[in-house]
Amino acid sequence: MPYKILIADDEPDTLDLCSKVLKKEGYEVLMAKDGIDAVKAIEREPFDLLLLDIKMPGKNGMEVLDEATAIGLDTVMITAYSSVETAVEAMKKGARDYLAKPFTSAEVRSVVERIISHQMLLRTESHFDGEAERFESFVGNTPSMQGLYRTIETIAETGCTVLIEGESGTGKEMVARAIHQKSPSKDGPFIPINCGAIPETLLESELFGHTKGAFTGAVESKKGLFEAASNGTLFFDEIAEMSPALQVKLLRVLQDREVRPVGGTEIKKVDVRIVAATNKELSREVAEGNFRDDLFYRLSVISIRIPPLRERKDDIPALVHHFINKYNKLYSREVSGAAEQVMKSLKEYHWPGNVRELENVIERAVILEKGKMITPKNLSTGIKGRIRESGQGHHKTLQEREREYIETVLKAAKGNRTKAAEILGIGRRTLYDKIIAYGIKEPE
Ligand SMILES: Nc1ncnc2c1ncn2[C@@H]1O[C@H](COP(=O)(O)OP(=O)(O)OP(=O)(O)O)[C@@H](O)[C@H]1O
Ligand SMILES: [Mg+2]
């Protein structure tokens, strides 16, 4: 998905220059002609970056900046050369950088590229820098995690096929990326494919490519992912969801190391490392007849099991601090830790969604927390239930809590429903229905 950038400026020339440059770089670009327009746009849809003129009619850039930082939107100020001081002021308020007019297209490109690549880094969570760093992006030092790091180091360089098993949210994709980063093919691409999310017919042509006219809609020939991942790693996520027909085809590729595009006759050699992951126990799927045993043996030449979080609770405090730091940066917050009883309940909870669930809990708490320490009131109900709150006469119903929670999140997101829905982990439509059902009044 391309990164989406909003440019807000009342000067058509500036809009024109920036949008041309950025579109050429492959970004999706939207434009706003003044501050009011800009606010409407960021409330309506999510952006990855905002280029914002300081002087505009209606609502000036500094006012818009407040709204942007409130929802964690990275912003670059555009300013006249003479008012660089204002730009510096803006950076104190949370802007990431500024462009002083008149600027060149190269300057626009480089500012944007720097911020977007930083975002990519945050998103992929892989802070690997060649061989110099070890496991920077992993947090956790319990014996089982140390064992995991050692395994990754040993197998990474072999280039052999790896199967990663672990409950959802345990860090399977992170492990897959680490294996790639530490392998001889680290300079090649890492391409993840979610086998559960792509329909069978599409998956086949995605993987193997197709020739022009191979099927209705194949107007051009297309390279498959096996070819695209050449000299890199292909990561088959949720491998258990792959259809029996495709399982056969994948097995053949693993055996022969070659592919034939759909509709084609020409055979192409593939040189790709295969890593697969599943949150099911694949041997059980084999026993139950849902997964081919021959493919299972091919894939699990080496298999790695990531322990669920409840089996390594001593890692929880380190993870909590790691995520607090991450979201402090992302939302410009200054939370410094978690209250003692909070940490205790976090350690008692059983974490069915593992590290991902913990990360979500901390993200919400950081957003909602007004003080320095995460307090019980900003934890979700399931975890809060672990904290014995004595002396409370009235127990709120689940609905009351839900209503309150939605109100707080809406407020934190300054009424931006898309953002609020994201934080709440529900669809926009569901949020809308709940707003109506509870008669919630939204912040202006
Ligand atoms: N040991 C860890 N240290 C730091 N962050 C972690 C760790 N393990 C997982 N995470 C974070 O938790 C989230 C989930 O990790 P990841 O996507 O790799 O898990 P997964 O097993 O692939 O999950 P799913 O089954 O939901 O696809 C990511 O944001 C990842 O950065
Ligand atoms: Mg995953």
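Residues numbered from 1 in each chain as written. Chains lettered and ligands numbered in written order. Predicted model: local features only at pLDDT ≥ 70, side-chain atom pairs only at ≥ 80, totals over all residues. Heavy atoms only, no water.

**Remarks on the pairing of strand E4 (residues 74–80)**
Most of E4 sits out of view: six of its seven residues are buried. As judged from the five bridges shared by strand E3 (residues 49–53) and E4, these two strands associate in the parallel manner. Note that in E4 the partner of Leu 51 across the bridge is Val 76. (Buried < 20%, exposed > 50% of the residue type's maximum accessible area, 1.4 Å probe, protein only. Helix = DSSP H or I, 4+ residues; strand = E, 2+ residues; numbered from the N terminus. Pairing = 2+ DSSP bridges.)

**Let's talk about the sheet that holds strand E6 (residues 162–165)**
With parallel pairing, the five strands of this open sheet are ordered in space as E7-E10-E13-E6-E14. Because the sheet does not close on itself, it has two edges, and the strands there are strand E7 (190–194) and strand E14 (302–305). Pairs of neighbouring strands in the sheet enclose a mean axial angle of 20°, with direction left out of account. Taken strand by strand, helix H6 (residues 143–156) contacts E6, strand E13 (273–278) and E14, and its axis lies near 160° from that of E14. (Axes fitted to C-alpha atoms, helices over the stretch in contact; angles between N-to-C directions. Contact = heavy atoms within 4.5 Å.)

**Considering the state of the cysteines**
Where two cysteines share a covalent bond between their sulfur atoms, that bond is called a disulfide. A complete count under the given rule lists zero disulfides for this structure. With no disulfide of its own, Cys 195 lies 19 Å from the sulfur of Cys 160, the closest cysteine sulfur. Exposure remark for Cys 195: the relative accessible area of 4% places this residue in the buried category. (Disulfide = S-S within 2.5 Å.)

**Description of the site of ligand 1**
Close to ligand 1 lie 19 residues; Val 139, Gly 169, Lys 172, Arg 356 and Glu 359 are nearest. Within the contact set of ligand 1, a nitrogen atom lies 2.9 Å away from a backbone nitrogen or oxygen of Val 139. Here ligand 1 loses 88% of its free accessible area of 640 Å² to cover by the protein chains. Of the residues belonging to the shell around ligand 1, the class tally is seven nonpolar, six polar and six charged. (Near = heavy atom within 4 Å. Polar contact = N/O pair within 3.5 Å; in protein donor to acceptor, adjacent residues only side chain to side chain. Areas by Shrake-Rupley, 256 points an atom, 1.4 Å probe, with all protein chains shown as cover. Nonpolar A, V, L, I, M, F, W, Y, C, P; charged D, E, K, R; others polar.)

**Focus on the sheet that holds strand E2 (residues 28–32)**
Spatial strand order, E2-E1-E3-E4-E5: five strands in an open sheet with parallel pairing. Of all strands in the sheet, those bounded by a partner on one side alone are E2 and strand E5 (97–101). Strand after strand, the sheet turns through a mean of 20° between neighbouring axes, direction not considered. Contacts from helix H2 (residues 35–44) reach strand E1 (4–8) and E2, with the element oriented near 165° to E1.

**Some thoughts on the environment of Ser 300**
Here Ser 300 is to be found in the loop between helix H12 (293–299) and E14. Among the residues examined, Ser 300 registers a relative accessible area of 18% and is labelled buried. For Ser 300 and Glu 404, which are 104 residues apart along the polypeptide, the C-alpha to C-alpha distance reads 48 Å. Within the local environment of Ser 300, its side chain forms a polar contact with the backbone oxygen of Phe 296, the two atoms lying 2.7 Å apart.

**Re the packing of H6 against helix H7 (residues 172–181)**
Where H6 meets H7, the axes come as close as 8 Å, and the angle between the chain directions of the two elements is 40°. On the basis of the axis angle, H6 is oblique to H7. The hand of the H6/H7 crossing is right-handed. Along its contact with H6, which presents Leu 148, Ile 152, Ile 155 and Ala 156, the element H7 presents Val 175, Ala 178 and Ile 179. Tallied by class, the residues present in the contact of H6 with H7 amount to seven nonpolar, no polar and no charged. (Parallel < 35°, antiparallel > 145°, perpendicular 65-115°, else oblique. Left-handed = near helix turned anticlockwise from the far one by under 90°.)

**Examining the pattern of salt bridges**
As enumerated under the stated definition, the model contains 30 salt bridges in all. Lys 269 serves as the salt-bridge partner of Glu 258, at 3.5 Å between the closest nitrogen and oxygen. Note that Glu 258 is positioned in strand E11 (residues 258–259) and Lys 269 in strand E12 (residues 268–269), a separation of eleven residues in sequence. Classification of Glu 258 by relative accessible area gives partly exposed; the value is 28%. According to the relative accessible area criterion, Lys 269 is exposed, its value standing at 62%. Close ionic contact of Glu 402 with Lys 434 constitutes a salt bridge, the shortest N to O distance being 3.3 Å. Note that Glu 402 is positioned in helix H17 (residues 398–412) and Lys 434 in helix H19 (residues 428–438), a separation of 32 residues in sequence. A residue is classified by how much of its surface remains accessible, and Lys 434, at 22% relative accessible area, is partly exposed. In the salt-bridge network here, residues are joined through shared partners; they are Asp 9, Glu 11, Asp 53 and Lys 101. (Salt bridge = Lys/Arg side-chain N within 4 Å of Asp/Glu carboxyl O.)

**So, H7**
By the criterion of burial, H7 is predominantly enclosed, with seven of the ten residues buried. Looking at H7, one finds that the buried residues are Lys 172, Val 175, Ala 176, Arg 177, Ala 178, Ile 179 and His 180.

**Describing the side chain of Asp 74**
Mapping Asp 74 onto the fold places it in strand E4. With near-sequence residues (within four places) excluded, Asp 74 lies in contact with Asp 48, Leu 49, Leu 50, Arg 96, Ile 115 and Gln 119.

**Some thoughts on the domain arrangement of the protein**
Annotation of the protein at the domain level lists domain 1 (4–124), domain 2 (143–307), domain 3 (310–393) and domain 4 (396–444). The distance between the C-alpha centroids of domain 2 and domain 3 comes to 35 Å. Together, the buried faces of domain 2 and domain 3 total about 680 Å²; carbon and sulfur atoms form 33% of this surface. The largest contributions to the domain 2 side of the interface with domain 3 come from Glu 167, Gly 169 and Pro 307, which together make up 55% of the buried area. Its salt-bridge partner being Glu 167, residue Arg 310 comes within 2.6 Å of it at the nearest N-O pair. Taken together, the connections running from domain 2 to domain 3 amount to six residue pairs in polar contact (both at pLDDT 80 or more). Taken together, the residues of the side of domain 2 that touches domain 3 break down into three nonpolar, four polar and two charged. (Domains from an automatic or database assignment. Buried area = accessible area lost by both parts, 1.4 Å probe.)

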